[in-house]
Amino acid sequence: MLDIENLSASYGEAQVLRGVSMSAGKGEVVTLCGRNGAGKTTLLRCVMGLLPYTGRVSLDGNDLARKASYQRARLGVGWVPDDRGTYATLTVAESLSLRVSKDGWPLQRVYDAFPNLYARRASAATKLSGGEQQMLALARVLRMGSRLMLCDEPTEGLSPLLVEQVGAILRQAKEHGVTVLLVEQNLHFAATVADKYYLLAEGEVRPTTPDDKELLTYLGV
Amino acid sequence: MAQHIFNGLVGGSFLALVALGLAVIFGMLRVVNFAHGAIYMLGAFLALSMPSFWWALILVPLVLAAGGMVLERTLVHRLAKLDPLYNFLLTFGLTLIFQDLVKWRFGVQSTPYPTPGGLTGSVDFGAFDFPAYRVFVLAMAALICFGVWFLLSRTRVGLIVRASTERPELTQALGINVGRWVTPVFGFGCALAGLAGVLAAPMRAVHPLMGADLIIVVFAVVVIGGLGSIFGSVAAAFVIGVLQALSEAYLDSALVSQILVYLVMAVVLLWRPSGLFGREESPA
Ligand SMILES: Nc1ncnc2c1ncn2[C@@H]1O[C@H](COP(=O)(O)OP(=O)(O)OP(=O)(O)O)[C@@H](O)[C@H]1O
Ligand SMILES: [Mg+2]
């Protein structure tokens with residue numbers, strides 16, 4: 001479904017990704033681990049089309065090279081950014097209606113799943129708590145009916161109850177054939193949803209497993 | 001007193017319309033359009049060549065919107081990837097070109113423009129009489145500010161413009177073709193300046209430098225209101241308009257009333273560096 005081949009990216013002189021290759025099948029949850037500053041966010045931004053890269057990113061076999069990020073979004077790539085991407089000038093309800101697709105969740109379903117968002121629907125999105133903002137970022141992508149969700153540490157700062165809820169939503173999405181590329185530091189959480197694991201280190205990616213000794217020492221778990 | 005406040009609000013109307021266009025353009029393009037005053041001036045001169053004031057009121061904003069969109073497509077959009085210095089060079093250069101073209105065509109003296117028929121008398125508000133044309137200007141400005149507010153806060157286009165203004169990259173990643181809205185927004189901002197120019201023609205001297213005088217105050221207004229804050233710019237425009245009128249009427253020193261705007265700006269910046277209604281720029 002998602003194929004990344006030999007992808008390299010840099011900020012000016014500093015090369016962050018050196019020939020990354022990985023893939024995720026339809027309905028798979030793929031976890032990407034790596035130390036802080038390893039380049040996980042950078043990789044997601046490349047897939048989203050927000051950073052120039054060399055190499056190939058393709059969706060169902062179609063090369064995305066010439067697609068701007070809004071086109072990638074319309075092709076079904078959804079981004080849950082690491083900073084949650086909350087709008088100060090939009091209300092919660094407006095944030096949820098920015099772009100909707102008939103394949104996405106209807107508003108009522110979002111509100112049923114996240115009663116906090118319903119209660120705060122008329123407030124500015126930045127007035128939400130950190131956890132609520134995280135829910136909003138996730139809900140926004142569910143509304144778009146994305147086929148590939150790029151989730152950058154979606155459980156960061158969430159209480160265990162909400163972490164469990166995010167897990168349930170990812171499993172639900174997966175059942176509907178949605179592919180998830182999950183950047184996650186919390187391996188316990190990842191283990192509840194992931195089908196496979198990659199480790200990003202020194203700009204390169206290699207497959208791994210959650211009980212891989214080397215991985216655990218590397219991450220310092 | 002009421003007379004001066006009224007005149008101040010009318011003066012503020014021009015500031016508000018020009019500042020509104022400037023703020024919308026800055027929000028969407030991150031370009032400070034120094035040529036905005038010249039576009040206001042072009043609006044007034046174009047009004048001279050229209051069959052009537054009423055035609056000018058409709059056609060001039062359309063012509064300037066079209067011209068603005070062409071300008072954005074051909075020149076302004078190139079600024080996005082360049083050092084901000086080029087923003088100044090290009091838009092200031094355009095100002096000089098527009099001014100010289102008008103000087104070449106119409107000369108440097110001011111051209112009178114008759115008060116449109118039907119708006120020559122005065123309107124009786126009980127205790128006060130105000131010139132009908134000025135009442136019309138104030139009403140038009142209020143209507144347009146309200147219309148822009150409605151457009152931005154209550155419509156889908158407004159939602160997209162607000163989102164794109166605040167977080168262009170994220171909005172793009174959420175599936176919105178931000179680039180598609182840039183050109184129309186620039187055209188819209190130019191149309192507002194042009195409309196202000198048409199409204200100014202019967203009241204103020206139509207002169208190649210009329211925009212240069214106005215734009216300096218407008219910049220102060222936009223800074224006071226908070227760069228990029230639409231509501232702040234409009235509110236500050238009317239406040240500054242009234243302050244100017246009152247200081248001209250009650251302060252003996254012409255110098256003080258001229259620098260008053262900048263004093264207010266300095267005080268506001270010391271007190272709230274991002275302007276009265278501005279938000280702190282997010283570090284990202
Ligand atoms: N805009 C930028 N300009 C220059 N360098 C950057 C920029 N963004 C990130 N970097 C650098 O690129 C490297 C990878 O950053 P990235 O954000 O992708 O890491 P990450 O794996 O997501 O880290 P974290 O776990 O802390 O989120 C880091 O060394 C960082 O300093
Ligand atoms: Mg990151």
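Structure shown above.
The rules we used
- Residues numbered from 1 in each chain as written.
- Chains lettered and ligands numbered in written order.
- Predicted model: local features only at pLDDT ≥ 70, side-chain atom pairs only at ≥ 80, totals over all residues.
- Heavy atoms only, no water.
- Phe/Tyr/Trp six-rings, centres within 6.5 Å; stacked < 30°, edge-to-face > 60°.
- Helix = DSSP H or I, 4+ residues; strand = E, 2+ residues; numbered from the N terminus.
- Buried < 20%, exposed > 50% of the residue type's maximum accessible area, 1.4 Å probe, protein only.
- Near = heavy atom within 4 Å.
- Polar contact = N/O pair within 3.5 Å; in protein donor to acceptor, adjacent residues only side chain to side chain.
- Areas by Shrake-Rupley, 256 points an atom, 1.4 Å probe, with all protein chains shown as cover.
- Nonpolar A, V, L, I, M, F, W, Y, C, P; charged D, E, K, R; others polar.
- Axes fitted to C-alpha atoms, helices over the stretch in contact; angles between N-to-C directions.
- Parallel < 35°, antiparallel > 145°, perpendicular 65-115°, else oblique.
- Left-handed = near helix turned anticlockwise from the far one by under 90°.
- Contact = heavy atoms within 4.5 Å.

## A word on the packing of aromatic side chains
- Scanning the entire structure with this criterion turns up 16 aromatic pairs over all chains.
- With a centroid separation of 5.1 Å and 65° between ring planes, the pair formed by Y111 of chain A and Y118 of chain A is classed as edge-to-face.
- Centre to centre, the rings of F53 of chain B and Y133 of chain B are 5.8 Å apart; their planes meet at 75°, and the pair counts as edge-to-face. Remark: Y133 of chain B occurs in helix α5 (residues 132-154) and F53 of chain B occurs in helix α3 (residues 53-74); sequence separation between them is 80 residues. For the pair F53 of chain B and Y133 of chain B, a shared accessibility class is recorded, and that class is buried.

## Thoughts on the site of ligand 1
Residues and elements named next belong to chain A.
- Near ligand 1 the following residues occur: Y11, V16, R35, N36, G37, A38, G39, K40, T41, T42, E153 and Q185.
- In this structure, a nitrogen atom belonging to ligand 1 sits 3.4 Å away from a side-chain N or O atom of Y11.
- Here an oxygen atom of ligand 1 and a backbone polar atom of G37 are 2.8 Å apart.
- If ligand 1 stood free it would expose 640 Å²; the protein chains cover 56% of that surface.
- Among the elements that take part in the shell around ligand 1, helix α1 (residues 40-48) stands out by supplying 3 residues, more than any other.
- Residues belonging to the shell around ligand 1 are distributed by class as follows: 3 nonpolar, 6 polar and 3 charged.

## Focus: the packing of helix α1 (residues 2-29) of chain B against helix α9 (residues 210-225) of chain B
Residue and element names in this part refer to chain B.
- At their nearest, the axes of α1 and α9 sit 9 Å apart, and the two run at 65° to each other. Between α1 and α9, the crossing angle belongs to the class labelled roughly perpendicular. Our pair here, α1 against α9, has a crossing hand that is right-handed. Here α1 contributes F14, L15, V18, A19 and L22 to the contact with α9, which in turn contributes L214, I215, V217, V218, F219, V221 and V222.
- Its residues assigned to classes, the contact of α1 with α9 shows 12 nonpolar, no polar and no charged.

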